[in-house]
Every structure is written in C-alpha cells, then in structure tokens.
Amino acid sequence: MTNYTARAEQFNKTSNSHSKQAFTFSLLRGASFIAFIIFMILHFNNDQLIWLISGFVSIGLFSSLVGRHRFHEDQKLYFQTLVDINLEELKRTNLELQGFETGDQFLEENHPNQHDLDVFGSHSLYQLINRSSTQDGQKLVGQWLSNQPTNEEVIEKQEAVKELSKDLDWLQKLQANSRISVRKKKKNEPTLSAANLIDWSTIKTNTGNRTVWFTLISVLLIGIITTGVFIAMDAIPYQYIYGNILVNAIALGIVARKLSVEIVGADKAQYLVTSYLEVLKVINSKDYQSALPKRLKQALTNPHDAEKAISQLSKISHRISSRANMLYLVVDLLFLIDFFLLMSIYQWKKTNSEHIEEWLQAIHEFEALMSIASFAEQHPTYQYPKLASSIFKLDGKEIGHPLISKSDRVNNDYFVDGKGSVDIITGSNMSGKSTFQRTLGINLILARIGAPVCAASFEFSNVEVFTSMRTKDNLSENTSSFYAELKRITQLLKTVEDKPTFFLLDEILKGTNSEDRHLGAIALAEKLSTKEAFGLISTHDLALSELEKTNEHVRNYSFNSQIDGSKISFDYTLTPGPCKSFNASQLMRNMGIID
C-alpha cells in the first residue's frame, strides 16, 4: 500500500526548497531594479554611455529574475498541492471524510438507490472517490455513480481504471494541475462550467467586412508610427500625435461595442480555461493501452489539436482580463490592440467552436477516470468484479462495506442466481441486516463504475439497483412515512416491469399494524418472485420465513445475537435459515426502559 505520509514529506521538502529559491530571486529581482534606477540617474547626471549600458543590463537581468522567481513560486505551489493531495489520501485511507465535497447537489428525490446507499452526503461513497476539481468533472463522477451503464461501458471503464491506477504520479499530477488553476479563481468571480464556454464559443456574430477593417487599422497604425518617427526626428511638434490618438479612439469605440458582446462568457473564464489547458498537458504526456483513454486522447488530438486550441483560448482570456489594466488602455490607444483581440476571438470561434464540446467532455471523462483510478490505487486489496453471463446473479466472497474501517467491518459471502429470487433476512435488532444490504448495494455501485470492490471476489449482473430502506414522512407534501413507503414500493414495481432489478428492502411496511404488515409483506414477496427481479427483504417478522416452504424462489437467511445474562453480543455473520434469537426485550432492560 502506498505510503502517502512519506510522499507528503518528500513533496514538502521540495516545496520548501523552491520557496527558499523564490525568496532569493525575489531579493535579487529587487536589487536589480534598484540598480537600474541608480544607473539611469547616473546616466542623466553624467551623460556617460557606460551608465546607460549598465541600466539596460540591469533591466534585462530584472526581467530574467522575474521569470525565475515566478518559476519557483509556481513550483512551490505545485509541490505544496501534492502535499495536500497525499494528506487527503491519508485521510481517505482512515475514512476521515469530513471536509470533502459531499456531492449533495447530485441527489435526486426519487432515485432508485442514492439515499439508502450513502452514495452522496456525509461519510459517502462520493467523498471516498471524487478527486475532480472542475465543476463538470465532479458532476460526471456523480452521474457515473447514479446511472446504470451498459455492459460495454463497465468493461471499458474497468480496463481504463486498471491501467491508470498503476501510475500514481500521473494521477496526482493531473489532479494537482487541475486544482491549482481552479483555486486561482478570484473570490468575486463566478464559478463557471463547460456550458458557459460552449455557449460563448457557439454564439455567431456579424464580423462585418474584414478587408475594410484591416485596411482601416493598417492606415491608422502606419499613421501613428509615421507621426512617431517624425516626432523623434524633431521634424514636427509632439502635439501632432494627439490627432492620431483621437482618430484611434474613434475607431476603438466602434471595435469596443463589438468586443463587449464577444467577451461575455469568456471575460471571467481564465481560471477555467487554464485548468483545462494544464489537464490537457498531463493527458497528452502519456500513451494509453486501454480502449477508453486511447479513444478520448484521439478525440483531443485528431483531426484538431485541442491543446493548441485551448492554449490559444487561454491567451485570449488572459488578454481579455488584461483590459482592466491602465497600461493596456494606453497601449490600446496607440496600437489598437483591441482590434486584434476581436479578430483573434472571431478566428478562434470559426476554427474551434464545433469541437470544443467534445474536447471538454473528454477532459471531464479523464478527470472522472482519474478519481476512480486513484480510489483503486488506494485499495490494492480490493478486487475487480466480473460481469456475469446470466441476468440475475450476484456471487461474492468476503464482501465488506468500503465505508466501514477494516478493523470494524465483518465480511460475508453471498450467492444468488435466478429470476424471481427473494431472500428473506431475519434477525435481531442491531445484528447487521441493514448494513449487509447496504454492503451489497454499495459494492454493486462500485462495480458499475469500473472500480474494484471490497471483496475477495465478486461476480455480478449489471442490473438496476433499487432500495427502500430510509423512507420518511414529508411535511411539505403532507405525506406519512407509511404512505412514503407505499409510494416507494409502487416505484419498485414499475421499475421491475421496465428492466431487470436487484432490490434491497429493509423492514417493509413498518408504519402499519402487525397483521396488515405481515399480509402485505407476504403479498409483495410473492409478487416480486414472479417479476424480472431478485433481491433481499429484511424483516423482524419471523412468520415471513414460512414462505420458503411454499415458494421455491424464497430462501431464508439471518443475523443472530447471543445473550449472556444482560450482555448481548453480535457476530454480524450471515447464516442460512431464519433467525433463532431476538433481543429487543433485553435491549430495553439494558437501557432501563423495562424491568
């Protein structure tokens, strides 16, 4: 298993080294600029060429030192981000998930399984898996966790995860490059998504007659340069250039109206575009063997080079953000650079607008694969599941819950194969019935996204996973918990009519009297045994286990407890047959509720 602590310590040393070098270059940079000022003062006072040459050397050195300082600052930030990433992996290893994105925004009210299997929320599967930084990368991870894929998609993702999980440095480099750019977003800037860039790139505007525009701008530039040359030769007074600036300002007024329309949607997107560019660099640095990443890279390089295009867009977005600088305004009045910015935008859209959506989708898929592959790398003892050839099969050995620590969880074997199979799980309170059901469900979600599962082996049919475990009342809809459960069961019955389904039902019909509950549970189990479905029903109703005698599709399993005086112990082990021990009375005695 990876030693994330050692990696964090090593990256921290490297970050500190770059920090010291950045400080040194900062001092040298300041000294070179002071030297430039001193040499210029000496030159103006003494009019000696040596001081002028020394001044130019100093400002050249200053420019070089600025570059070196920026390099070490960037490297310091990069390695510090790698420190953060490895410390986060250590937290995930220990299941300390507080502070990670919960993915609550991806919860759907009537989703088949999200709410019961802790897919999103506090201490959730999403927190364990997601490493994406961009809004759309996070969204795609949420979609993959929520939606049932095809068998082909499962196989492709699994092969990609197997390949990518072997290269931890690549995984963390992609994660770091994306995160750094996203975190550079200013607090007052809006959080943007790929949709904003796509909408911006596809807006068609009237560029006008380009020949006329280029001719006009060329004449204006030649005019101001000629005026500048004559002024330098003392042929004309310097005031003549004001006329050129006035004419340029009129032309820029026309350009500015068009440009103000063109930059909407891209004017606050520099951080996002930079993030995409940095991720693309990492993607293109590696050759892939598995089909999915190979196809995604192909979409990014052929027939058009996405990295080159996004690099151009990054420069455009930087130029757009620079328009707020006062120096930009001065240069713009002299050399009409807004016009060239406008033409760059027109040309970029013409060349790339029809490709950008495919490029960004490919980047988001790489981000999602990076998340799953990082999870796989973190869990080397987990096993990759196998797709079953039959439709209604689940066969697992030593299946455990990935959100329960290894020291606390108890693994169980489970096998079912056959349409209409209904396993009745009886057991005493707190014996592990619900946890076992969630264990099966959450590992099925992992299997569907191509991830390894918490099991020694796992073979599964790729079917819908439907749960009814945490139904509750809804005051805004004036809905009781019992009615909410009936709605959930109705949804299940509709689902099994549409597609093969693996169901997990916990304590069904608990909101009514025991007789109606018993009759309803029997009727539901009988009905499900005739449908395109298979699954488990947990219950305290021991009489429900009698169904095994009359229905060949029904089997009994149980979780039992042992009572020794006032002490209750659990082994959390799935056992064939109905439950033989119940503990509600003893639990109430232990808590002083009854004597």
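For the structure, see preceding data.
Just so we're clear, the structure is a prediction, and the values are computed from it rather than from any experiment. (Residues numbered from 1 in each chain as written. Predicted model: local features only at pLDDT ≥ 70, side-chain atom pairs only at ≥ 80, totals over all residues. Heavy atoms only, no water.)

## Considering the overall build of the protein
Phase 1: Within the protein, the regular secondary structure consists of 20 helices and twelve strands.
Phase 2: Relative to the compact-globule value of 25 Å for 595 residues, the protein shows a C-alpha radius of gyration of 33 Å, a clear excess of over 25%.
Phase 3: Its C-alpha atoms give the protein principal-axis dimensions of roughly 110 × 55 × 50 Å.
Phase 4: Looking at the protein as a whole, 49% of its 595 residues qualify as buried.
Phase 5: On the protein, roughly 28,800 Å² of surface is accessible, and the fraction owed to carbon and sulfur atoms is 56%.
Phase 6: Side-chain charges of the protein comprise 61 positive and 65 negative groups, with the mean position of each set lying 6 Å from the other. (Helix = DSSP H or I, 4+ residues; strand = E, 2+ residues; numbered from the N terminus. Rg over C-alpha atoms; globule rule 2.2 N^0.38 Å. Buried < 20%, exposed > 50% of the residue type's maximum accessible area, 1.4 Å probe, protein only. Areas by Shrake-Rupley, 256 points an atom, 1.4 Å probe, with all protein chains shown as cover. Lys, Arg positive; Asp, Glu negative; His and termini not counted. Charge placed at Lys NZ, Arg CZ, Asp CG, Glu CD.)

## Notes on unusual backbone geometry
Phase 1: The amide bond that connects Asn302 to the next residue, Pro303, takes the cis arrangement and shows omega of 5 degrees.
Phase 2: Mapped onto the elements of the fold, Pro303 is located in the loop between helix H11 (291-301) and helix H12 (306-322).
Phase 3: Of note, the phi angle at Tyr572 is positive, near 55 degrees, even though the residue is not glycine.
Phase 4: Judged by relative accessible area, Tyr572 falls into the partly exposed class, the value being 34%.

## Some points on the sheet that holds strand E12 (residues 575-576)
Phase 1: One open sheet holds the six strands; their spatial order is E6-E7-E8-E4-E9-E12, and the pairing between them is mixed. Two strands close off the open sheet at either side, each with one partner strand: strand E6 (464-468) and E12.
Phase 2: Here strand E4 (residues 422-427) pairs with strand E8 (residues 533-539) via five bridges, running parallel. Within E8, the position partnered with Asp423 by the bridge is Leu536.
Phase 3: Relative to the sheet, helix H17 (residues 481-498) contacts E6, strand E7 (501-506) and E8, its axis offset from that of E6 by approximately 165 degrees. (Pairing = 2+ DSSP bridges. Contact = heavy atoms within 4.5 Å. Axes fitted to C-alpha atoms, helices over the stretch in contact; angles between N-to-C directions.)

## A short note on the pairing of E4
Phase 1: The element E4 is extensively covered by neighbouring structure, given that six of its six residues are classed as buried.
Phase 2: Judged from the six bridges that link them, E4 and strand E9 (residues 554-559) form a sheet pairing that is parallel. From the neighbouring strand, Thr426 faces E9, where its bridge partner is Ser558.

## Quick notes on the layout of surface pockets
Phase 1: Each pocket or cavity is described by its volume, and for the largest pocket that value is around 950 Å³.
Phase 2: Looking at the largest pocket, it is lined by 31 residues, and the ones nearest its centre are Ser181, Lys184, Gln270, Tyr271 and Thr274.
Phase 3: Taken together, the elements giving at least two residues each to the lining of the largest pocket come down to helix H2 (49-93), helix H6 (168-183), helix H10 (270-284) and H12.
Phase 4: Partitioned by chemical class, the residues of the lining of the largest pocket number nine nonpolar, ten polar and twelve charged. (1 Å grid on protein atoms, 1.4 Å probe; cavity = no way out; pocket = protein on both sides within 12 Å on 5 of 7 lines; lining within 4 Å. Points joined across faces, edges and corners; volume = space filled by probe spheres on them. Nonpolar A, V, L, I, M, F, W, Y, C, P; charged D, E, K, R; others polar.)

## Thoughts on the packing of aromatic side chains
Phase 1: One pass over the full model with this rule turns up 20 aromatic pairs.
Phase 2: Ring centres of Phe33 and Phe62 lie 5.3 Å apart, and the angle between their planes is 50 degrees; on these two criteria the pair is classed as tilted. Of this pair, Phe33 sits in helix H1 (residues 4-46) while Phe62 sits in helix H2, placing them 29 residues apart in sequence.
Phase 3: Note on Phe33: relative accessible area 36%, which makes it partly exposed. (Phe/Tyr/Trp six-rings, centres within 6.5 Å; stacked < 30°, edge-to-face > 60°.)

## Observations concerning the packing of H6 against helix H15 (residues 356-378)
Phase 1: Taken N-terminus to C-terminus, the directions of H6 and H15 make an angle of 135 degrees; their axes are 10 Å apart at the nearest point. In terms of their interaxial angle, H6 and H15 are classed as oblique. For H6 against H15, the interelement crossing comes out left-handed. Listed contacts from H15 to Leu168, Trp170, Leu171, Leu174, Gln175 and Ser178 of H6 are Phe366, Glu367, Met370, Ala373, Ser374 and Glu377.
Phase 2: In terms of residue class, the contact of H6 with H15 is made up of seven nonpolar, three polar and two charged. (Parallel < 35°, antiparallel > 145°, perpendicular 65-115°, else oblique. Left-handed = near helix turned anticlockwise from the far one by under 90°.)

## Overview of the environment of Pro578
Phase 1: Relative to the elements of secondary structure, Pro578 occurs in the loop between E12 and helix H20 (584-590).
Phase 2: Of the residues examined, Pro578 reaches a relative accessible area of 29% and is grouped as partly exposed.
Phase 3: The spacing of Pro578 and Ser558 is 20 residues in sequence and 5.3 Å in space, taken between C-alpha atoms.
Phase 4: Leaving out residues up to four positions away in the same chain, Pro578 has contacts with Thr426, Leu542, Ser545, Asn556 and Ser558.

## Looking at the side chain of His111
Phase 1: On the secondary structure map, His111 appears in the loop between H2 and helix H3 (125-129).
Phase 2: We classify His111 as buried; its relative accessible area is 4%.
Phase 3: One polar contact links the side chain of His111 to the main-chain carbonyl oxygen of Ser146, over a distance of 2.7 Å.
Phase 4: With residues near it in sequence (within four places) discarded, His111 still touches Ser146 and Arg488. (Polar contact = N/O pair within 3.5 Å; in protein donor to acceptor, adjacent residues only side chain to side chain.)

## Quick look at a nonpolar patch on the surface
Phase 1: There is a patch of nonpolar side chains on the surface, built from Ile225, Val229, Phe230, Met233 and Phe335 and spanning about 480 Å² of accessible area.
Phase 2: It is helix H8 (residues 210-232) that contributes the most residues to the nonpolar patch, three residues altogether.
Phase 3: Note that Val229 resides in helix H8.
Phase 4: Since its relative accessible area comes to 43%, Val229 is described here as partly exposed. (Patch = residues over 30% accessible without salt bridge, like charges linked within 9 Å, V, L, I, M, F, W, Y side chains within 5 Å. Salt bridge = Lys/Arg side-chain N within 4 Å of Asp/Glu carboxyl O.)

## Here we look at helix H4 (residues 135-146)
Side chains that are three or four residues apart share a direction in an α-helix, a result of its 3.6 residues per turn.
Phase 1: Taking 1.5 Å of rise per residue, the twelve residues of H4 would be expected to cover 16 Å, and the 17 Å separating its terminal C-alpha atoms lies within 8% of that figure.
Phase 2: For H4, the buried fraction is high: nine of the twelve residues fall into the buried class.
Phase 3: Buried within H4 are the following residues: Asp136, Gly137, Gln138, Leu140, Val141, Gly142, Trp144, Leu145 and Ser146.
Phase 4: The secondary structure elements touched by the buried residues of H4 are H3, helix H5 (151-164), helix H7 (194-202), H10, H15 and helix H16 (433-448). (Expected span 1.5 Å × (residues − 1).)

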